[in-house]
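# Breakdown of the fold
Letter by letter, the chains look like this.
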Amino acid sequence: MLIPALALALALGPGVADTTRIDDPVALEAFVDSIMTSQMEAWLIPGAVVAIVDREGPLLLRGWGVAHAREGGEVDPERTLFDLGSIAKLFTATLAHELVEEGLLDLDTDVNRHLEGFRVQGDPPITLRHLLTHTPGFDERLFLGMVARDGASAELLEENLRRHLPPRIRPPGEVFQYSNAGTTLAGHLAERAAGTDFATLVRVRILDPLGMTRTGYRVEGDLATGHENIPAPMTPQEPWHLNQIPAGGLRSTAADMTRFMEAHLRGDFPGMQATRFTPRPGAAGIALGFMEDLRGGQRGLYHGGQWVGFSSLLYLVPDEGVGIFVAANHGGAITAQPEFVDALLDRWFPEAAEGGPPIAASEAASTVPGLDGRYRWNRQDRHTFFRLPSFLTAHTLEVTVEGAGRLRTVMRPALVPETGWRVSAEDPHLYLSDDGLRRLVFEPGERVHLGWPLLMTLDRARPIDEPAFHLGVMLLLMGVVASAGAWPIMVLLGRLQKVPPPPAPEPIRAARRAGAIAAGATLLFFPLLILAVAVDTVAALQLPLAFRAIFILPVAGLLFTVLLWKRIVSLQRAEGVPVLHRVHLRAVALSLTLLLVAMWHWRLLGFHF
């Protein structure tokens, strides 16, 4: 996608010759403009901003396109607000770091020391360090409890966490798993320690001192409209409001973000940029909030953000004293923005691709056995009714051994392109991408760690963990279950046509009634659930009573399935029951049973909120 843009940039003439520096404004703007123009056209992005700074101030601050695809309005980097998504986590980490420096918080103290309305269960204790490095061991909780109808109805952090903090699934400090809940808890610890609500703390301690006057969690004026390509290209999105504001919901301008980047490049928050957790030696790790990008001889620090209709990326090169911020009012830009940063770093800091771990010679390289196979992102909801969609949409990485010391990977959905890898001469578990921009670090038989453009831990998937298999089985069972509706449909059609159906013994009619009700209740659950979420997603994610009532249907299906089995047992003693009827009823009952077991596995049977 970047080849035409790069070719255009290099063809612009002396302004972008190799002798220029990144602080040459003409060369920098020409290069950036060529890439942004190409990407916006390719990805159907209505509007975007870019801010590039060094320690002294902005090197480039510019907007492209429109703030609203339908209404227009030129993007103004000084005024147009973009939803930062998860870049807000950097502000939470910065606030927590300041409170640690003042002695109000401690990185390694049990978080329960600061909590009153609820407690984090389990041992060993979770600490602020775990929360800020995404290693508390919490399960994922997709969306439930995260959103509010509007800013005025947003829940207090304590109430939200008390109701929606996910369970622990592993000991803290062992595995990186991106966690909105963990960052939200860190924000609540900050407000508990300082005695002031979180949004006020961020305003007073970070935004005001840095002069970020147009940044906030509830700001509305000059907010760009977010867009997605579903159901049609550049479809405008209504703004979503968050309960869990430490994890997201901050809105800002490109101009304000220059001040935030400059402060971190100057070292105003000492100690934040030090590595605090590395999943395995050689792998990219995480500082306080910032993720690491290790490419060649350069260490970058970054965090991306995506929310409904918006994408953004902040990237610092601490050793060079340069920061990059790019934001767009389109969710699809999440793929384009890392490519944009890659192009900038490749153009202005080509020495970054040099150095780093040496590549083993192909003829001498060895491959640790057992690396090939499929790996699935560990960021999945395992305890709510979102378990199935979370499983189906989780990124997977297919690893294929091509030869001694050579791998190839394909990711689906394609957050990163198909990539070739060569083994490091220093560590047979470390692989470097052919372009020098990425690292794969393996824990054989367990998991793989991927750095840029998103720090990810992917667990080895079992052969049975194939979405097509699970969906196929469920659809097959649903088809057999649906056949239970044939009898009532035939009765209804017969009455409409005044042709009564053939008489059947009462035991068969009773079994058919139980089967039809069980099948109807179980199958009706699926379209009602999908419809409720589709019609008013925000309302559904707030779990009102009417939405929860939908989950009574599978329970009713279970009760009538038990009754169906009871009727089938009674048929054993009945005479004159055709074999075909017995077989069909048993097939329906067995399929219902297996379908309900599958629904229990996927947290669709019961009230898993």
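Above this text is the structure in question.
Sequence order as written defines the numbering, with residues in each chain counted from 1. With pLDDT at 70 or above as the cut-off, local features in this predicted model cover only qualifying residues; side-chain atom pairs require 80 or more to be listed or tallied, and sums for whole chains, interfaces and linings still use all residues. To get the side-chain values, all heavy atoms of the structure are used, and hydrogens and water are removed first.

### Some points on the overall build of the protein
Across its full length, the protein holds 17 helices and 21 strands. Here the C-alpha atoms of the protein give a radius of gyration of 28 Å, agreeing with the 25 Å that 2.2 N^0.38 yields for 609 residues. On the principal axes, the C-alpha backbone points of the protein span a range of 95 × 60 × 50 Å. Counting across all 609 residues of the protein, residues that qualify as buried make up 54%. Nonlocal contacts in the protein, meaning residues at least 24 apart in sequence, comprise 68% of its contacts between residues at least 6 apart. In this text, helices come from DSSP runs of H or I with a minimum length of four residues, and strands from runs of E with a minimum of two, each type numbered from the N-terminal end. Radius of gyration here uses only the C-alpha atoms, and the compact-globule reference equals 2.2 Å multiplied by the residue count raised to the power 0.38. The cut-offs for exposure are 20% and 50% of the maximum accessible area for each residue type, with area from a 1.4 Å probe on protein chains only; residues under the lower value are buried, those over the upper are exposed, and the others partly exposed. Only heavy atoms enter the contact rule, under which two residues are in contact if any of them lie within 4.5 Å.

### Examining the environment of R218
Relative to the elements of secondary structure, R218 occurs in the loop between α7 (198–210) and β6 (226–228). By relative accessible area, R218 is classed as partly exposed at 39%. As for R218 and V32, which are separated by 186 residues in sequence, their C-alpha atoms are 31 Å apart. What R218 contacts, discounting residues up to four positions off in sequence, is G151, A154, L242 and I245.

### Quick notes on the pattern of salt bridges
Side chains that differ in sign of charge can pair as their charged atoms come close. A carboxyl oxygen of Asp or Glu within 4 Å of a side-chain nitrogen of Lys or Arg is what we treat as a salt bridge. Applying the stated criterion across every chain, the model contains 32 salt bridges. The salt bridge involving R251 is made with D83; its shortest N-O contact spans 3.9 Å. Of this pair, R251 sits in strand β9 (residues 251–252) while D83 sits in strand β4 (residues 82–83), and the two are 168 residues apart along the sequence. Take D83: its relative accessible area is 4%, and that puts it in the buried class.

### Observations regarding unusual backbone geometry
The step from D123 to P124 runs through a cis peptide bond, and the omega angle for that step is -5 degrees. Residue P453 follows W452 across a cis peptide bond; omega there is 10 degrees. Within the secondary structure, P453 sits in the loop between β20 (447–450) and β21 (456–460). Of note in this structure, D222 is not a glycine but carries a positive phi near 65 degrees. Looking at the secondary structure, you find D222 in the loop between α7 and β6.

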